[in-house]
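Structure assessment
Residue strings, one per chain:
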Amino acid sequence: MRQYAGNRVGLAVVGAVLVLLGAYAWLRADDRLGGLSPRAKVLPEQTAQIVAAQSWTLWAAALGLMLLGLVSLRWLLLCLGWGRRGVRSGTGTAMLCVGLKDVDGLSRTGVRVVGDGDHLRIAVTCAPSADVGAMVGKLDKEIVGRIRREVRDDDIGTVVRLHVRR
């Protein structure tokens, strides 16, 4: 399962609950649920009296729901990858995979060029059974230098992120 699948499931659950609550309120107010008078209230009578006595409660509820909607929208955009910086480098990723082909337990790799070629980000994900020492040694001695030369030049700043899965 991908890393962001949990975020997508959580966002889908929050969205479904909000849609169901909105549909319930709309149908109840329009007397489409059957057996209700045309003046049916969305809130129970006791709750409606409390809300009517405190005028700020409606504003607080509206603000809270608006903030929940904005946070959910931001969550969705980040899950879709719109918050990521940089451009993927297919050549760099291919060179990284070829350089690490002898290492067992490698699950995911990626190379990104960030900004106007100012930085290079290399991401490697492996299983806990992988030989991390050999992987770091290969990355340090051979692979990172080759990727920098191929993508831009030797002077480009490079960040290598090694993630070991559970």
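Parameters at a glance
- Residues numbered from 1 in each chain as written.
- Predicted model: local features only at pLDDT ≥ 70, side-chain atom pairs only at ≥ 80, totals over all residues.
- Heavy atoms only, no water.
- Core = buried A, V, L, I, M, F, W, Y, C linked by side-chain atoms within 4.5 Å.
- Buried < 20%, exposed > 50% of the residue type's maximum accessible area, 1.4 Å probe, protein only.
- Helix = DSSP H or I, 4+ residues; strand = E, 2+ residues; numbered from the N terminus.
- Contact = heavy atoms within 4.5 Å.
- Salt bridge = Lys/Arg side-chain N within 4 Å of Asp/Glu carboxyl O.
- Arc of directions from axis to C-beta.
- Pairing = 2+ DSSP bridges.
- Right-handed = clockwise from strand over helix to strand, strands pointing away.

Counting 17 residues, the largest nonpolar core has Leu96, Leu100, Leu120, Ile122, Met135, Leu139 and Ile147 as its most contacted members. Those elements that provide at least two residues to this core are strand 2 (106-114), strand 3 (119-126) and helix 5 (132-151). Broken down by element, this core gets its largest block of residues, 6 residues, from helix 5. Ignoring sequence-local partners within four residues, the contact set of Leu96 consists of Thr109, Gly110, Val111, Ile122, Ala123, Val124, Leu139, Ile143 and Ile147.

This part is about the pattern of salt bridges. In the structure shown here, the tally under the stated rule is 1 salt bridge. Between Lys138 and Asp102 there is a salt bridge, and its shortest N-O distance comes to 3.4 Å. You can see Lys138 sitting in helix 5 and its partner Asp102 sitting in the loop between helix 4 (90-99) and strand 2, a full 36 residues away along the chain.

Moving on to helix 4. Gly92, Thr93, Leu96 and Gly99 are the residues of helix 4 that are buried. Buried residues of helix 4, seen end-on, are gathered within an arc of 130° and therefore sit on one face of the element. Residues of helix 4 that are exposed and angled more than 90 degrees away from the buried face: Gly90 and Val98. Structurally, helix 4 contributes buried residues whose contacts are with strand 2, strand 3 and helix 5.

Moving on, we get to the sheet that holds strand 3. Pairing is mixed across the open sheet formed by 4 strands, whose spatial order is 1-2-3-4. Each of the sheet's edge strands pairs with one partner strand only, and the pair in question is strand 1 (87-88) and strand 4 (157-164). In the sheet, strand 1 pairs with strand 2 via 2 bridges, with the strands oriented antiparallel. Among the inter-strand pairings, Arg88 is bridged to a residue of strand 2, identified as Arg112.

Attention now moves to the pairing of strand 2. With 8 bridges connecting them, strand 2 and strand 3 associate as antiparallel partners. Each residue of the ladder has a partner; that of Thr109, found in strand 3, is Val124.

Here strand 3 runs beside strand 4; their pairing, made up of 8 bridges, is parallel. When the bridges of strand 4 are listed, Val124 appears paired with Leu162. You can see the chain leave strand 3, run along helix 5 and come back into strand 4, and the turn it takes is right-handed.

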